[in-house]
Amino acid sequence: MSFGKFALTLVGAFFIPLPKTNIIAEEKKYDYDSINELLSWAKETLNNKKYPQEGFQLDKCAKILDCEKYLDSMILKNNV
């Protein structure tokens, strides 16, 4: 349910009015030069084997198990 600036949340048998939040994710825009610089870095890292051999923890929930395959797939995906 929604009442103007407040949303109602059911907790147990009670409704608690909570303020609505209008969080809109910002779209990130990158220019051509920035993308090419990042791709060049990835290619150099891949060619020089300067990536972690044991994997890389991106955040709490995601881990790259094979950095070589990950970089290679990102380069191929962006060069199509």
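In what follows, the accompanying structure is described.

The rules behind the values
- Residues numbered from 1 in each chain as written.
- Predicted model: local features only at pLDDT ≥ 70, side-chain atom pairs only at ≥ 80, totals over all residues.
- Heavy atoms only, no water.
- Helix = DSSP H or I, 4+ residues; strand = E, 2+ residues; numbered from the N terminus.
- Buried < 20%, exposed > 50% of the residue type's maximum accessible area, 1.4 Å probe, protein only.
- Contact = heavy atoms within 4.5 Å.
- Salt bridge = Lys/Arg side-chain N within 4 Å of Asp/Glu carboxyl O.

### So, the side chain of Thr45
Stage number 1. Take Thr45: it is sitting in helix α1 (residues 32–48).
Stage number 2. Take Thr45: its relative accessible area is 8%, and that puts it in the buried class.
Stage number 3. Setting aside anything within four residues of it in sequence, one finds Thr45 in contact with Lys50, Tyr51 and Leu71.

### Focus on the pattern of salt bridges
Stage number 1. Under the criterion given, the structure shown has 2 salt bridges.
Stage number 2. The partner of Glu44 in a salt bridge is Lys50, and the shortest N-O contact between them spans 4.0 Å.
Stage number 3. Note on Glu44: relative accessible area 44%, which makes it partly exposed.
Stage number 4. Residue Lys50 is classed as exposed on the basis of its relative accessible area, which comes to 58%.
Stage number 5. A salt bridge links Glu68 to Lys49; the nearest nitrogen and oxygen atoms lie 3.9 Å apart.

Limitation: the analysis is restricted to geometry and does not speak to function.
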